[in-house]
Amino acid sequence: SLFGPGSHTRATILRTTLSCCPAARSHCVLAMSLPAPWTDVFAEAERLKSTHLRTLLQDQARNDSMFVRCGDVTLDYSRERVDGAAMDKLIALAKAADVEGKRKKMYEGVKINETEGRPVLHTALRAPRDAEILVDGVNVVPEVWKVLDAMKAFTDKVRAGEWTGYTGKALTDVVAIGIGGSYLGVEFVYEALKTDPEASVAAAGRRVRFLANVDPIDVKRALEGLNAETTLVLVVSKTFTTAETMLNARTVKEWLIKELGSPDCIAKHVAACSTALDKTAAFGIDSKNVFGFWDWVGGRFSCWSAVGVLALSLQYGFDLIMKFHEGGRDMDTHFRTAPPTENLPMIMGLLSVWNVSILKHEGCAVLPYCQALTRFVAHIQQLDMESNGKRVTMDGSDVPVGTGAIYFGEPGTNGQHSFYQLMHQGRVIPAEFIGFSASQNPVELPGEPVSNHDELMSNFFAQPDALALGKTAEELKAEGVPEKLVAHKTFPGDRPSLSLLLPVCNAYYLGQLLALYEHRTAVQGWVWDINSFDQWGVQLGKVLATQVRNYLADARKGAGDESAFLGPTAKLLKKYLNK
């Protein structure tokens, strides 16, 4: 561990007047005892703290060095509050933290998820058929492709009308039941491809609904307008014990039986992504329609597995989803082989560490200028916040710097009319802009000066500059703005951001984009020496919810002892039960 005793020369740095909120000119005093690579990075922040982005952006050589590409994906990070020297120290920090060594172990199937004793191999899910990735001496790639081949055969049959429902009708509608990592990534890709020309043709006459929330309202919305005779249900739960998922599954099972008249319908109308064959059989699911995945796949990384491939292939066809895999695979190669100064996930991960741990910004706005990415930010929230929302290092000691950020965002230009006000004149929130050179749906109206997509992208290019440069009181006065409004119309600027530009939002580039963010997440965790691949923080609430559930079951029957709960909780429970 970089933070471990004796692993590096330890140095103490006292940083005074490090601005935590430049707009408010507030300052903090922070005394830290950290390894030298960390203090070197803090020293760079101290050196740069009074240098405005207006000044940094005048250095064209600096700007050019921050324009980096992976194939047709371009990253411009010139509007981040760094220069070449600061990036050198960040890369040295990554080297001291052995990020490249940890990356190598991940690709090789070493059990780097130490708290759960597992490898981390979502990259294996998109590996080529002839690859070799060993876990405990066994190549897992053939097993991955065995499941992929089985899903292709099944989804091809369903889409062709060869696999029919209980009454002999083709299955054209899908209800995918799952929560968290069994839902968010899959819905993101589904929504992102809905208006892709190739995908929309492949999806003609088909529908997918997602059922995640245990709230019965979600059941009503998922099933509304569906005909049970043409509906295929997918239950996504590795152990077939996830409380919310299984209650929803039982609810939909009851709906199928009621509508179709016999429990025998389940074998024709339900498939599963699970490893619990005994439980899926007890549910009534044909074992041939159960598709497995592995404990070396974390939920938030699992949309490349049966968790996502099954539903997405039913909607868009297996071959198109393999283009999504191809994009992810190419980003894997880039991450594994590109040098740090040209490595997009490495750079983005280090910049996130810089913004969170060094500059102490607690938020990150992910801003896709593409309506197709309407569910991308929700997935990235889980991907990064569940991965890096940790407070202890791998050896269980406290992390001495801040980790993780609060992720939020909306597709542009919607967000501009929502929360950009705060970003421009309130808190400093680092931003990540995502845009595409071409639209999925090009529109150009006669008489309009630009196409609809150019109108959208005009904002994509303008907003990062507005955040970086701001507008001074002197500029406003020169424009004749009344003195009483100058303070209100002043923009401090110096708000950091980066921009990602991709050719078009299709399956291949979506694969590249998602894999980029997955690896960016891992880089942060490796620098912080935390485990980005477990999620113990979700457990306590589940345990307490079980206690409440048991109490409610008794209370509804006239019993129930609320004395075990906190006083305010017991009082609120009584109100809920109208006691």
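None of these values were measured; they are calculated from a predicted model. (Residues numbered from 1 in each chain as written. Predicted model: local features only at pLDDT ≥ 70, side-chain atom pairs only at ≥ 80, totals over all residues. Heavy atoms only, no water.)

Draft legend 1. Molecular detail of the nonpolar core. Trp38, Tyr77, Trp354, Leu373, Ile434, Leu500 and Tyr517 are the most contacted members of the largest nonpolar core, which totals 137 residues. Sort the elements by how many residues they give to this core and helix α21 (residues 507-528) lands first, with 14 residues. If we skip the residues at most four places from it in the chain, Ile434 touches Val366, Leu367, Pro368, Tyr369, Leu373, Phe376, Phe460, Leu500, Leu502, Leu513 and Tyr517. Grouped together as the second largest cluster of nonpolar side chains are 25 residues, Leu211, Val252, Cys265 and Ile285 included. (Core = buried A, V, L, I, M, F, W, Y, C linked by side-chain atoms within 4.5 Å. Buried < 20%, exposed > 50% of the residue type's maximum accessible area, 1.4 Å probe, protein only. Helix = DSSP H or I, 4+ residues; strand = E, 2+ residues; numbered from the N terminus. Contact = heavy atoms within 4.5 Å.)

Draft legend 2. Spotlight on unusual backbone geometry. A cis amide bond links Gly412 with the next residue in sequence, Thr413, at an omega value of 10 degrees. With respect to the helices and strands, Thr413 occurs in the loop between β13 (406-408) and α17 (420-425). Even without being glycine, Asp98 reaches a positive phi, approximately 60 degrees. If you trace the backbone, Asp98 turns up in the loop between α4 (84-96) and α5 (99-107). Given a relative accessible area of 38%, Asp98 falls into the partly exposed group.

Draft legend 3. Local environment of helix α10 (residues 243-260). Taking 1.5 Å as the rise per residue, α10 with 18 residues should run 26 Å; its terminal C-alpha atoms sit 26 Å apart, in good agreement. All of the buried residues along α10 are Thr245, Met246, Asn248, Ala249, Val252, Trp255, Leu256 and Leu260. Gly261 lies just past α10 and shows a positive phi near 90 degrees. (Expected span 1.5 Å × (residues − 1).)

Draft legend 4. Inspection of the environment of Ala249 at higher detail. The topology assignment puts Ala249 in helix α10. In this structure, the C-alpha to C-alpha distance between Ala249 and Ala176, residues 73 residues apart in sequence, is 9.6 Å. Apart from residues lying up to four places away in sequence, Ala249 is in contact with Ile177, Val235 and Phe283.

Draft legend 5. Main features of the side chain of Arg300. Inspection of the secondary structure puts Arg300 in the loop between β11 (290-291) and α13 (306-316). At a separation of 2.8 Å, a polar atom in the side chain of Arg300 contacts the side chain of Glu386. Contacts of Arg300, omitting those with residues within four sequence positions, involve Gly181, His379, Gln382, Leu383, Glu386, Ser387, Ser532, Phe533, Asp534 and Gln535. (Polar contact = N/O pair within 3.5 Å; in protein donor to acceptor, adjacent residues only side chain to side chain.)

Draft legend 6. Region of the structure containing the packing of aromatic side chains. For the structure shown, the criterion picks out 19 aromatic pairs. With a centroid separation of 5.4 Å and an interplanar angle of 50 degrees, the aromatic rings of Phe419 and Tyr420 are classed as tilted. On the basis of relative accessibility, which here comes to 16%, the residue Phe419 falls in the buried class. A relative accessible area of 3% means that Tyr420 is categorised as buried. A centroid spacing of 5.0 Å and a plane angle of 80 degrees characterise the contact between Tyr508 and Tyr509, whose relative ring orientation is edge-to-face. Of the residues examined, Tyr509 reaches a relative accessible area of 12% and is grouped as buried. Among the aromatic residues, ring-to-ring pairing joins Tyr183, Tyr190, Phe210 and Tyr316 into one connected group. The ring centre of Phe335 lies 5.4 Å from the NZ or CZ of Arg103, which sits over that ring. If you follow Lys253 out to its NZ or CZ, it ends over the ring of Phe283, 4.5 Å from the centre. (Phe/Tyr/Trp six-rings, centres within 6.5 Å; stacked < 30°, edge-to-face > 60°. Lys NZ or Arg CZ within 6 Å of the ring centre and 35° of its normal.)

Draft legend 7. Fine view of the pattern of salt bridges. Considering all chains together, one arrives at 30 salt bridges under this definition. Its salt-bridge partner being Arg79, residue Asp465 comes within 2.7 Å of it at the nearest N-O pair. Of this pair, Asp465 sits in helix α18 (residues 452-469) while Arg79 sits in the loop between β4 (73-76) and α4, and the two are 386 residues apart along the sequence. The exposure class of Asp465 is partly exposed, given its relative accessible area of 31%. Notably, a salt bridge pairs Glu116 with Arg118, separated by 3.7 Å at the nearest N-O pair. Residues participating in the shared-partner salt-bridge network are Glu44, Arg47 and Asp83. (Salt bridge = Lys/Arg side-chain N within 4 Å of Asp/Glu carboxyl O.)

Draft legend 8. Spatial organisation of the packing of helix α1 (residues 36-48) against α4. Two numbers describe how α1 lies on α4: the axes approach to 9 Å, and their chain directions differ by 165 degrees. In terms of their interaxial angle, α1 and α4 are classed as roughly antiparallel. The element α1 and its partner α4 pack so that their crossing is left-handed. Residues Pro37, Trp38, Asp40, Val41, Glu44, Arg47 and Leu48 of α1 pack against Ala85, Ala86, Lys89, Leu90, Leu93 and Ala96 of α4. Grouping the constituent residues of the contact of α1 with α4 by class yields nine nonpolar, no polar and four charged. (Axes fitted to C-alpha atoms, helices over the stretch in contact; angles between N-to-C directions. Parallel < 35°, antiparallel > 145°, perpendicular 65-115°, else oblique. Left-handed = near helix turned anticlockwise from the far one by under 90°. Nonpolar A, V, L, I, M, F, W, Y, C, P; charged D, E, K, R; others polar.)

Draft legend 9. Quick peek at the environment of Lys471. Tracing the sequence through the fold places Lys471 in the loop between α18 and α19 (473-478). Measuring from C-alpha to C-alpha, the distance between Lys471 and Val523 comes to 35 Å, with 52 residues separating the pair along the chain. In contact with Lys471, other than residues within four places in its own chain, are Leu476, Glu479, Thr490 and Phe491. For Lys471, the side chain forms a polar contact with the side chain of Glu479, separated by 2.6 Å.

Draft legend 10. Looking closely at the pairing of strand β10 (residues 270-273). In β10, alternate side chains face the same way, and those of Val270 and Ala272 on one face and Ala271 and Cys273 on the other are all buried. Sheet topology note: the β10/β11 ladder contains two bridges and is parallel. Bridging from a neighbouring strand, Cys273 pairs with Phe291 of β11. Handedness of the crossover is the feature at issue here: the chain leaves β10, passes through helix α12 (residues 277-283), returns alongside β11, and the resulting connection is right-handed. (Pairing = 2+ DSSP bridges. Right-handed = clockwise from strand over helix to strand, strands pointing away.)

Draft legend 11. Quick peek at a negative patch on the surface. Negative charge collects at one region of the surface, where Glu444, Glu448, Asp454 and Glu455 lie side by side. Along the polypeptide, Glu455 turns up in helix α18. (Patch = residues over 30% accessible without salt bridge, like charges linked within 9 Å, V, L, I, M, F, W, Y side chains within 5 Å. Areas by Shrake-Rupley, 256 points an atom, 1.4 Å probe, with all protein chains shown as cover. Lys, Arg positive; Asp, Glu negative; His and termini not counted. Charge placed at Lys NZ, Arg CZ, Asp CG, Glu CD.)

Draft legend 12. Examining the sheet that holds β4 more closely. Across the sheet, which stays open at both edges, the six strands sit in the order β3-β4-β15-β14-β12-β13 with mixed pairing between neighbours. In this open sheet, the two edge strands, each paired with only one partner strand, are β3 (67-70) and β13. Taken pair by pair, the neighbouring strands of this sheet meet at an average axis angle of 15 degrees, ignoring direction. Relative to strand β15 (residues 497-502), strand β14 (residues 431-436) is paired through six bridges, and the arrangement is parallel. By the bridge assignment, Glu432 is partnered in β15 with Leu498. Relative to β14, α18 is tilted by about 155 degrees, and along the sheet it contacts β14 and β15.

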